[in-house]
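# Coordinate analysis (summary)
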Amino acid sequence: MVAKLLDGKAAAAAWEAELSAKLRGLPSPPKLVLVRVGDDPASGIYVKKKIEMCAKIGITSELVHLPENTSEASLLSRIASLNADKSVNGILVQVPLPKQIDALNVQKAIHPFKDVDGFGPKSMGYLLMGRPRFVAATPAGIMRLLQHYSLSPAGRHCVVVGRSNIVGKPLAVLLLQDDATVTIAHSKTKDLAAITKQADFLFVAAGKANLITKAMVKKGAVVVDVGMNKNRMGKSCGDVDFKPVSSVASFITPVPGGVGPMTIMSLMANTIKAREFQNQKE
Ligand code: NAD
């Protein structure tokens, strides 16, 4: 078997066209404010890509770049002003944050109707209750990618490797809501291969290059690789040993060009949704 590609670029382009049409129907564009604290180079690249997509699709964006030594109190006060600013629809604080700032305090501070990253406790709570408002961009993008290829996880055994708040946990909840039988594996899981081998759908978000080898994948499985790593040659790669696994899987995401483009488009969709919440009461 040679797996078909789950082409995130193509799926994101189709989604972009849909969102552009929605944006054209609005009286004025929504506004997203991206807050970056410090100079982490990877964060710089992610923020730049998000701003570029906003410009392309027709969302107004603004970057607030604060110094590395910004105190938590000062960041929280900045967020309070953005919460109060009616012209701002979405607020995104890029992670990781410097050590002196507790990310949970920041996520709690963002108004729940402006929480376009979906990391705040209210957004997470609503997701868990089965009434999602804002869903974290990567898991939401993965679900959309599956839909694009008419791949339904209902009734299938889905294994999620990774339990982070931003990928693994919300993804597992979304799959459960779509009637999958879900197993979550993580760094303390014993005999990972015995679990992954059972997966009809395998999602890997561990951040470990080549963690998943061919021997760990069931024939015909759908494999979604979230990982973003650099291999020994400095080339981008995921968590899945792509070529050998492609010979047993039925569908597989490439890295790059799989989950990444869907993540950015999810953020755009969440920003448009934030605009729809604008005049509602909590
Ligand atoms: P994280 O470090 O917060 O979490 C990693 C998870 O993997 C943990 O829950 C850990 O228990 C698990 N894990 C680590 N080693 C393991 C092992 N050997 N076996 C089983 N489980 C193991 O990372 P994250 O923020 O969830 O991101 C995961 C990966 O996804 C990273 O490579 C990140 O760069 C990538 N990512 C990609 C996108 C995208 O848009 N493509 C978005 C977010 C994250």
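Let me begin by describing the structure that accompanies this report.

The rules behind each value
Residues numbered from 1 in each chain as written. Predicted model: local features only at pLDDT ≥ 70, side-chain atom pairs only at ≥ 80, totals over all residues. Heavy atoms only, no water. Patch = residues over 30% accessible without salt bridge, like charges linked within 9 Å, V, L, I, M, F, W, Y side chains within 5 Å. Areas by Shrake-Rupley, 256 points an atom, 1.4 Å probe, with all protein chains shown as cover. Salt bridge = Lys/Arg side-chain N within 4 Å of Asp/Glu carboxyl O. Helix = DSSP H or I, 4+ residues; strand = E, 2+ residues; numbered from the N terminus. Buried < 20%, exposed > 50% of the residue type's maximum accessible area, 1.4 Å probe, protein only. Pairing = 2+ DSSP bridges. Expected span 1.5 Å × (residues − 1). Arc of directions from axis to C-beta. Axes fitted to C-alpha atoms, helices over the stretch in contact; angles between N-to-C directions. Contact = heavy atoms within 4.5 Å. Near = heavy atom within 4 Å. Polar contact = N/O pair within 3.5 Å; in protein donor to acceptor, adjacent residues only side chain to side chain. Nonpolar A, V, L, I, M, F, W, Y, C, P; charged D, E, K, R; others polar.

A separate point is a nonpolar patch on the surface. Residues Ile 45, Tyr 46 and Met 228 make up a contiguous nonpolar surface patch of about 310 Å² in total accessible area. Tracing the chain through its elements places Met 228 in the loop between strand E8 (222-225) and strand E9 (229-230).

This next bit is on the pairing of strand E4 (residues 90-93). Burial of E4 is two-sided: the residues Gly 90 and Leu 92 facing one way and the residues Ile 91 and Val 93 facing the other way are all buried. Summarising the sheet, strand E2 (residues 31-37) and E4 pair through 4 bridges and their orientation is parallel. Across the sheet, the residue bridging to Leu 34 is Leu 92, located in E4.

To continue, consider helix H3 (residues 72-84). Helix length check: H3, at 13 residues, gives a terminal C-alpha distance of 18 Å against a target of 18 Å (1.5 Å per residue), a fit within 8%. Among the residues making up H3, those that are buried are Glu 72, Leu 75, Ile 79 and Leu 82. With its buried residues spanning 85° around the axis, H3 presents them on a single face. Exposed residues on H3 whose side chains face more than 90 degrees from its buried face are Ala 73 and Ala 84.

This brings us to the sheet that holds E4. Overall, parallel pairing links the 3 strands, which are arranged E3-E2-E4 in an open sheet. Strands with a single pairing partner mark the edges of an open sheet, and in this sheet they are strand E3 (60-66) and E4. Ignoring which end each strand starts from, the neighbouring axes of this sheet average 15° apart. Against the sheet, helix H2 (residues 41-57) engages E2, E3 and E4, with an angle of about 170° to E2. On the sheet, H3 packs against E2, E3 and E4 and is oriented at approximately 165° with respect to E4.

The subject of this paragraph is the site of the ligand. What surrounds the ligand is a group of 22 residues, the closest being Arg 163, Ser 164, Ser 187, Met 228 and Thr 263. At 3.5 Å from a nitrogen atom of the ligand is found a main-chain nitrogen or oxygen belonging to His 186. Within the backbone of Ser 187, a nitrogen or oxygen atom sits 3.0 Å from an oxygen atom of the ligand. Computed on the free molecule, the ligand has an accessible area of 850 Å², of which 73% lies beneath the protein chains in the complex. At 3 residues, helix H10 (residues 259-277) tops the list of elements feeding residues into the shell around the ligand. For the shell around the ligand, a count of residues per class yields 10 nonpolar, 10 polar and 2 charged.

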